[in-house]
Amino acid sequence: MSIELKNVSKQFGGVKAVNDVSFSVNEGELMALLGPSGGGKTTVLRMIAGLEMPTSGDVFIRGQRMNDVSVRERNIGFVFQNYALFKNMTVFKNIAFGLKIKKWKRADIKDRVAEMLKLFKIEGLEKRYPHQLSGGQRQRVAIARALAPKPSVLLLDEPFGAVDAKVRQELREWLVKLHHDLNVTTIFVTHDQEEALEVSNRIVIFAPGGNLQQIGAPREVYEQPANLFVAQFIGVMNILDTEVKDGVARAGELQFAAHDQPNGTKLKIGFRPYAVQVSTDLNLYPYKAVLRHTFFLGVMLRLEFQLSSGLPLRSRMTKEEYAQLGLEDGREVSLQIRNYRILAKEEVGLPPETEFKYQPPPTIAEHI
Amino acid sequence: MAGTVKRKNGDSHRQSRRGTEEKPFVKWILISVALAFCLVFLLLPLVNVFAQAFGLGWKAYLNALRDPNSWSAIRLTLIVAAIAVPLNTIFGICAAWAIAKFNFRGKSLLITLIDLPFSVSPVVAGLMFVVLFGMNGFFGPWLENHPLHLFGKVIELKIIYAVPGIVLATMFVTFPFVARELIPVMQATGTEQEQAALTLGASGWTTFWHVTLPSVKWGLIYGIILCNARAMGEFGAVSVVSGSIVGQTETMPLWIQSLNNGNTQAATAAAFAVASLLALLALVTLGFKTLLEWKQAREYQRAQEAPLPPIPQSDTAFLSKMS
């Protein structure tokens, strides 16, 4: 076990930034801390680094309790959001800084910096100052500087926040490759769920107020969101307010099996766009709908249907499937929903006769 | 008809181009007023100082400076500056650091206090020290009754009408310069670079020496130069605490005043001779300041225009080669 947090809380004045968080990171893992702003993820990262001290709880690195160990002695590599390169030093001196502090021999420092320059493909830039570098180069210098002294863990705060969108995609792949080659335990903070899903081995998801929601592999949190918050935050999901009547949860004409739920129970039910099956054969599937709009996202298309009851539904398919079905806006289709999850439950039952009121837009997560 | 249209277009073009500028004659009037003011109130008196100083010839000028009392005043001024400037530099860095890098209660009070010497009349500042350390002041009698015993000698620590008082008064008056120059620079730099140094294992001292100080270098030097100029030129506060004992507690500005009161032609010339040194200091300070600004601009310019070595790969081309 490389890093472990036990019941860690952090308060700034009266504001709770991190609330009783426990999780552990395995040696060599690439972990993402994901959450909206105000989720306390950066504070968690800074507490692991020792830049913030927990109000309560313990932080362990390689089995050693770190609460009273200063930043300097934790042997961590930290990459700041805006890189925080030493602007009065050249690239060479920036990377060599940590080695000089650790009293490496001059020749060793030279070798190590050369090695880092080569690894990060920034040879030839060693005499430049930070302001003479592009955003991507700065980031690589910052990571090289953090990794040069061979830290036990690499911590990155929003590593791709400050580079433009086109470079970002490629840097993600690069980080995965780098992690694969060096195999150093890495934790990075991001608010971009796509980035977390794509890059990490595991994801820790935070909600505002520093509350941990779920820990799991990308596939796990995507397919089995632990609760409504995670479902809404990760990927796109159709989320419906339903009410149980005679063992069936209903929203409009949609029906979901809910055998063990008493009448009147309110359930939030969610399903991914790919769980919606579409046919132009109006008798094949149970629900009738009209294709309202098609959004082109490259290879994938996003489709918005409207059920006979007025409920909107979101689906995805490839261009080929779309062409095969011969779909077009305004076309009538039949639908079915393959699988779904119960995300939240409110058992304070209302009388079963209560009229169902559907409120369309806010119930469908919009996260593309 | 076509002609008028054309002219109209031309006018509107000119107007839009200079939409933010004043009419030429306003510009020239403002420039001439500023220039005339500088000429009459700054340049003319300065030239006059040197003219008067050399009025009785080179020999008289050198003799005036070689006079033991003049020499003692010059030496005292240098000593006072040599103590006050480094101390104020250290205090200034501490104060600026505290204000720029930490959040604490009473921060705005501290900022106000740093500015206090600017808003208090130097004479009042001097009087404050007389009230504190003078014979009839708070600590005066106590100091008189408690002489220091050092190396077997008994030393009576005299502050007012002695060098320590002059140093104190000078330090009070020149306190804000370094801090005032540093605070905005430090605030702009933020604390991330220092945090980065910490995560790399650097001690507080190493961080200060290798990261903080280089990034505020120009502001610091500028503050020190201004502080020094004021320390050497201060009259009001120093005159109250010095007691003007000729050859002992007279700094250059005080000595110039005494000489000028002499009312003989030779004394006046001598006064101007010493004054010329202070004027020279002002010019040197000004020169340094200009040089600094120029160097700073050039360093920046150079960094901008430096021919960059060829980059081995573009930002992301290396990705394909890695996999």
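## Here we look at the overall build of chain B
And step 1. When its secondary structure is counted, chain B shows 16 helices and two strands.
And step 2. Long-range contacts, defined as pairs at least 24 residues apart, comprise 75% of the intrachain contacts of chain B with a sequence gap of at least 6.

## As for the overall build of chain A
And step 1. Along chain A, the regular secondary structure elements total nine helices and 20 strands.
And step 2. Considering only C-alpha atoms, chain A reaches an extent of 80 × 50 × 30 Å along its principal axes.
And step 3. Among the 368 residues that make up chain A, the fraction classed as buried is 42%.
And step 4. Sequence separation of 24 or more characterises 65% of the internal contacts of chain A that already satisfy a separation of 6 or more.

## Re helix H8 (residues 163–174) of chain B
Structurally, the α-helix is built with 3.6 residues per turn, so residues lying three or four positions apart point the same way.
All names here are of chain B.
And step 1. Spanning 12 residues, H8 covers 16 Å between terminal C-alpha atoms, matching the ideal 16 Å at 1.5 Å per step.
And step 2. Within H8, 10 of the 12 residues are buried, which leaves it mostly tucked inside the rest of the structure.
And step 3. Looking at the buried side of H8, the elements it contacts are helix H4 (68–101), helix H5 (107–119), helix H6 (122–133), helix H9 (176–189), helix H12 (217–233) and helix H13 (236–242).

## Observations concerning unusual backbone geometry
All names here are of chain A.
And step 1. In this structure, Asp-20 takes a positive phi of about 50° despite not being glycine.
And step 2. Here Asp-20 shows up in strand S2 (residues 15–25).
And step 3. The partly exposed category is assigned to Asp-20, around which 14 C-beta atoms lie within 10 Å.
And step 4. At Lys-150, a residue that is not glycine, the phi angle is positive and equals roughly 55°.
And step 5. As for its placement among the helices and strands, Lys-150 is situated in the loop between helix H4 (135–147) and strand S7 (153–157).
And step 6. Using a count of 13 C-beta atoms within 10 Å as the deciding quantity, one classes Lys-150 as partly exposed.

## Some remarks on the environment of Glu-158 of chain A
Residues and elements named next belong to chain A.
And step 1. In this structure, Glu-158 sits in the loop between S7 and helix H5 (165–182).
And step 2. By C-beta crowding, Glu-158 is classed as partly exposed, having 19 other C-beta atoms within 10 Å.
And step 3. Residues Glu-158 and Phe-206 lie 48 residues apart in sequence; the distance between their C-alpha atoms is 15 Å.
And step 4. If near-sequence neighbours (up to four positions away) are discounted, Glu-158 is found in contact with Gln-81, Val-189 and Thr-190.

## Describing the environment of Phe-305 of chain A
Residues and elements named next belong to chain A.
And step 1. Considering the arrangement of structural elements, one finds Phe-305 in strand S17 (residues 300–307).
And step 2. C-alpha separation for the pair Phe-305 and Ala-289, spaced 16 residues apart in sequence, amounts to 6.1 Å.
And step 3. The contact partners of Phe-305, leaving out residues within four places of it in the chain, are Ala-289, Val-290, Leu-291, Arg-292, Pro-312, Leu-313, Ser-315 and Leu-335.

## Some remarks on the packing of H4 of chain B against H8 of chain B
All names here are of chain B.
And step 1. Orientation of H4 relative to H8, taken along the N-to-C sense of each, is 45°, at an axis distance of 9 Å. For the element pair H4 / H8, the angle class is oblique. For the crossing formed where H4 meets H8, the hand is right-handed. Facing H4, whose interface residues are Val-80, Ile-83, Ala-84, Leu-87 and Asn-88, H8 presents Ile-166, Val-167, Thr-170, Met-171 and Thr-174.
And step 2. A breakdown of the residues in the contact of H4 with H8 according to their chemical character gives seven nonpolar, three polar and no charged.

## What about the sheet that holds strand S12 (residues 248–251) of chain A?
Residue and element names in this part refer to chain A.
And step 1. The five strands lie next to each other as S13-S12-S11-S14-S20, forming an open sheet whose pairing is antiparallel. With one partner strand each, in any of the chains shown, strand S13 (254–257) and strand S20 (341–346) form the two edges of the open sheet. With strand direction ignored, the average angle separating the axes of adjacent strands in the sheet is 35°.

## What about the nonpolar core?
And step 1. Ranked by internal contacts, the top residues of the largest apolar core, which has 106 residues, are Leu-33, Ile-48, Leu-155 and Ile-187 of chain A.
And step 2. Ranked by the residues each element gives to this core, the list is headed by H4 of chain A, at six residues.
And step 3. Split by domain, the residues of this core number at least three in each of domain 1 (3–232) and domain 2 (236–363) of chain A.
And step 4. If you look at the next biggest cluster of nonpolar residues, it comprises 57 residues, including Phe-133, Leu-168, Leu-254 and Ala-269 of chain B.

## Quick notes on the domain arrangement of chain A
Residue and element names in this part refer to chain A.
And step 1. Here chain A is described as being made up of domain 1 (3–232) and domain 2 (236–363).
And step 2. Computed over C-alpha atoms only, the centres of domain 1 and domain 2 are separated by 39 Å.
And step 3. Class assignment for the residues of the side of domain 1 that touches domain 2 results in three nonpolar, two polar and no charged.

## Describing H5 of chain A
Residues and elements named next belong to chain A.
And step 1. The end-to-end C-alpha distance of H5 is 26 Å, a good match for the 26 Å that 18 residues give at a rise of 1.5 Å each.
And step 2. All of the buried residues along H5 are Leu-171, Trp-174, Leu-175, Leu-178 and His-179. Axial view of H5: buried residues confined to an arc of 135°, hence all on one face. Of the exposed residues in H5, those oriented more than 90 degrees away from the buried face are Lys-166 and His-180.

## Side note on the environment of Trp-209 of chain B
Residue and element names in this part refer to chain B.
And step 1. Of note, Trp-209 is situated in helix H11 (residues 204–215).
And step 2. Trp-209 sits in the exposed class, given 12 other C-beta atoms within 10 Å.
And step 3. Residues Trp-209 and Leu-113 lie 96 residues apart in sequence; the distance between their C-alpha atoms is 27 Å.

## Some thoughts on the packing of H4 of chain B against H9 of chain B
Residues and elements named next belong to chain B.
And step 1. Orientation of H4 relative to H9, taken along the N-to-C sense of each, is 35°, at an axis distance of 8 Å. The chirality of how H4 crosses H9 is right-handed. Here Asn-88, Thr-89, Gly-92, Ile-93, Ala-95, Ala-96, Trp-97, Ile-99, Ala-100 and Lys-101 of H4 come into contact with H9, specifically with Val-178, Ala-179, Leu-182, Ile-183, Met-186 and Gln-187.
And step 2. Classifying every residue of the contact of H4 with H9 gives 11 nonpolar, four polar and one charged.

## A look at the pairing of strand S4 (residues 56–61) of chain A
Residue and element names in this part refer to chain A.
And step 1. Here five bridges tie strand S1 (residues 3–12) to S4, and the two strands are oriented antiparallel to one another. The residue of S4 that forms the bridge with Ile-3 is Ile-61.
And step 2. Two strands pair when backbone bridges link them, and S4 and strand S5 (residues 64–65) are joined in this way by two bridges, in the antiparallel orientation. By the bridge assignment, Phe-60 is partnered in S5 with Arg-65.
And step 3. Hairpin remark: S4 followed by S5, antiparallel, with two residues in the connecting loop; positive phi at Arg-62, about 50°.

## Quick word on the sheet that holds strand S15 (residues 276–279) of chain A
Residues and elements named next belong to chain A.
And step 1. Spatial strand order, S15-S19-S16-S17-S18: five strands in an open sheet with antiparallel pairing. The open sheet is flanked by S15 and strand S18 (312–318), the only strands paired with a single partner. Strand-to-strand twist across the sheet, computed as the mean angle between neighbouring axes with direction ignored, equals 45°.
And step 2. The pairing of S17 with S18 spans seven bridges and is classified as antiparallel. Paired with Glu-304 across the two strands is Arg-314, which belongs to S18.

Analysis parameters
- Residues numbered from 1 in each chain as written.
- Chains lettered and ligands numbered in written order.
- Predicted model: local features only at pLDDT ≥ 70, side-chain atom pairs only at ≥ 80, totals over all residues.
- Helix = DSSP H or I, 4+ residues; strand = E, 2+ residues; numbered from the N terminus.
- Contact = placed C-beta atoms within 7 Å.
- Buried ≥ 20, exposed ≤ 12 C-beta atoms within 10 Å, placed from the backbone.
- Expected span 1.5 Å × (residues − 1).
- Axes fitted to C-alpha atoms, helices over the stretch in contact; angles between N-to-C directions.
- Parallel < 35°, antiparallel > 145°, perpendicular 65-115°, else oblique.
- Left-handed = near helix turned anticlockwise from the far one by under 90°.
- Nonpolar A, V, L, I, M, F, W, Y, C, P; charged D, E, K, R; others polar.
- Pairing = 2+ DSSP bridges.
- Core = buried A, V, L, I, M, F, W, Y, C linked by C-beta atoms within 7 Å.
- Domains from an automatic or database assignment.
- Arc of directions from axis to C-beta.

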